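Below, each chain spelled out in residue letters.
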Amino acid sequence: MKFIPNIVKWLIGINVVVYVLCLSLPASYDYNLIDTLALQTNHDFRWYQLITHAFTHSTHMGHIIGNMTFFLLFAIFVQKRIGPTTCLLLYVYTAITSGLFWLSLHGGGGLIGASGVLFGFMTVFLFVPVEKWFFKALKILVLFAIFENILSFNLVKYSYTAYDAHIGGVIAGLIWVGLSYTIKKTSPWLKKELKKRL
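These numbers come from a predicted model, not from an experiment.

Caption draft 1: Main features of the layout of surface pockets. The volume enclosed by the largest pocket comes to roughly 820 Å³. What lines the largest pocket is a set of 35 residues, among which Tyr160, Thr161, Ala162, Tyr163 and His166 lie closest to the centre. Elements that contribute at least two residues to the lining of the largest pocket include exactly helix H4 (61–82), strand E2 (110–111), helix H6 (115–125), helix H7 (133–155) and helix H8 (163–183). The element that contributes the greatest number of residues to the lining of the largest pocket is H4, accounting for seven residues. Looking at the lining of the largest pocket residue by residue, the class counts come to 20 nonpolar, 13 polar and two charged.

Caption draft 2: Molecular detail of the nonpolar core. Counting residues in hydrophobic clusters, the biggest one holds 45 residues, and the most contacted among them are Phe71, Tyr91, Phe121 and Phe125. At the level of secondary structure, the elements contributing two or more residues to this core comprise helix H1 (6–29), helix H2 (33–37), H4, helix H5 (84–103), H6, H7 and H8. The greatest single-element share of this core, amounting to nine residues, is contributed by H4. Dropping the residues within four chain positions of it, phenylalanine 121 is found in contact with Phe71, Ala75, Val78, Cys87, Leu90, Tyr91 and Thr94. Membership of the second largest hydrophobic core comes to seven residues, among which are Leu39, Leu103, Leu111 and Ala165.

Caption draft 3: Quick peek at the packing of H4 against H5. Relative to each other, H4 and H5 sit at 130 degrees, their axes nearing to 8 Å. When the axes of H4 and H5 are compared, the pair comes out oblique. The handedness of the crossing between H4 and H5 is right-handed. Between H4 and H5, the residues in contact are Phe71, Val78, Gln79 and Ile82 and Pro84, Thr86, Cys87, Leu90 and Tyr91, respectively. Its residues assigned to classes, the contact of H4 with H5 shows seven nonpolar, two polar and no charged.

Caption draft 4: The packing of aromatic side chains, seen in detail. Tallied over the entire structure, the rule returns ten aromatic pairs. Each ring, one from phenylalanine 74 and one from phenylalanine 125, has its centre 5.3 Å from the other, and the planes form 70 degrees; the classification is edge-to-face. Placement of the pair is phenylalanine 74 in helix H4 and phenylalanine 125 in helix H6, with a sequence separation of 51 residues. Given a relative accessible area of 3%, phenylalanine 74 falls into the buried group. Of the residues examined, phenylalanine 125 reaches a relative accessible area of 0% and is grouped as buried. With 5.4 Å between their ring centres and 40 degrees between their planes, tyrosine 93 and tryptophan 176 make a pair best called tilted. Of this pair, tyrosine 93 sits in helix H5 while tryptophan 176 sits in helix H8, and the two are 83 residues apart along the sequence. Exposure remark for tryptophan 176: the relative accessible area of 15% places this residue in the buried category. Geometry around phenylalanine 125 places lysine 139 over its ring, the cationic atom sitting 6.0 Å from the centre.

Parameters at a glance
- Residues numbered from 1 in each chain as written.
- Predicted model: local features only at pLDDT ≥ 70, side-chain atom pairs only at ≥ 80, totals over all residues.
- Heavy atoms only, no water.
- 1 Å grid on protein atoms, 1.4 Å probe; cavity = no way out; pocket = protein on both sides within 12 Å on 5 of 7 lines; lining within 4 Å.
- Points joined across faces, edges and corners; volume = space filled by probe spheres on them.
- Helix = DSSP H or I, 4+ residues; strand = E, 2+ residues; numbered from the N terminus.
- Nonpolar A, V, L, I, M, F, W, Y, C, P; charged D, E, K, R; others polar.
- Core = buried A, V, L, I, M, F, W, Y, C linked by side-chain atoms within 4.5 Å.
- Buried < 20%, exposed > 50% of the residue type's maximum accessible area, 1.4 Å probe, protein only.
- Contact = heavy atoms within 4.5 Å.
- Axes fitted to C-alpha atoms, helices over the stretch in contact; angles between N-to-C directions.
- Parallel < 35°, antiparallel > 145°, perpendicular 65-115°, else oblique.
- Left-handed = near helix turned anticlockwise from the far one by under 90°.
- Phe/Tyr/Trp six-rings, centres within 6.5 Å; stacked < 30°, edge-to-face > 60°.
- Lys NZ or Arg CZ within 6 Å of the ring centre and 35° of its normal.

Listed below in structure tokens is the structure:
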């Protein structure tokens, strides 16, 4: 497990702890933690929910396993290019941005899950230079996933999948990369700055 950066372990660990609490608190104390941490609309909205929703998953185990597995895959490589502190900031930033995008399109309901963050990291990964065929193929799959979400967002009217939050994560990732180029403080996309190439 040494190949997994500590910040990635911590982020996944927080998601797991919150998941366990969401399972145990209703049974032990009759308290629904998901309702508190989920991103809510209208009068139920709280500012902190823009962040907490990205650490909260449904009680269905497949939700957190899927999100955390793919987050681990992409976060490992993105973190190696931008560092642990910037990785944490990227997580929070994509959570807020995807959450705001989702809020702009919804007048009711709630949002939970790290999939918006996941799509943000996937988008940033697209700009990390790679040479091995596996990672090039992975980029193609990322593009397919983004394209599929855009189509689903336009064609599927009712779904439990937050396609709009995914798109918000993509937008957040593109803005992050664009600002990185502009500010020139973080340039993980330049081959000459990489000690090791994928």
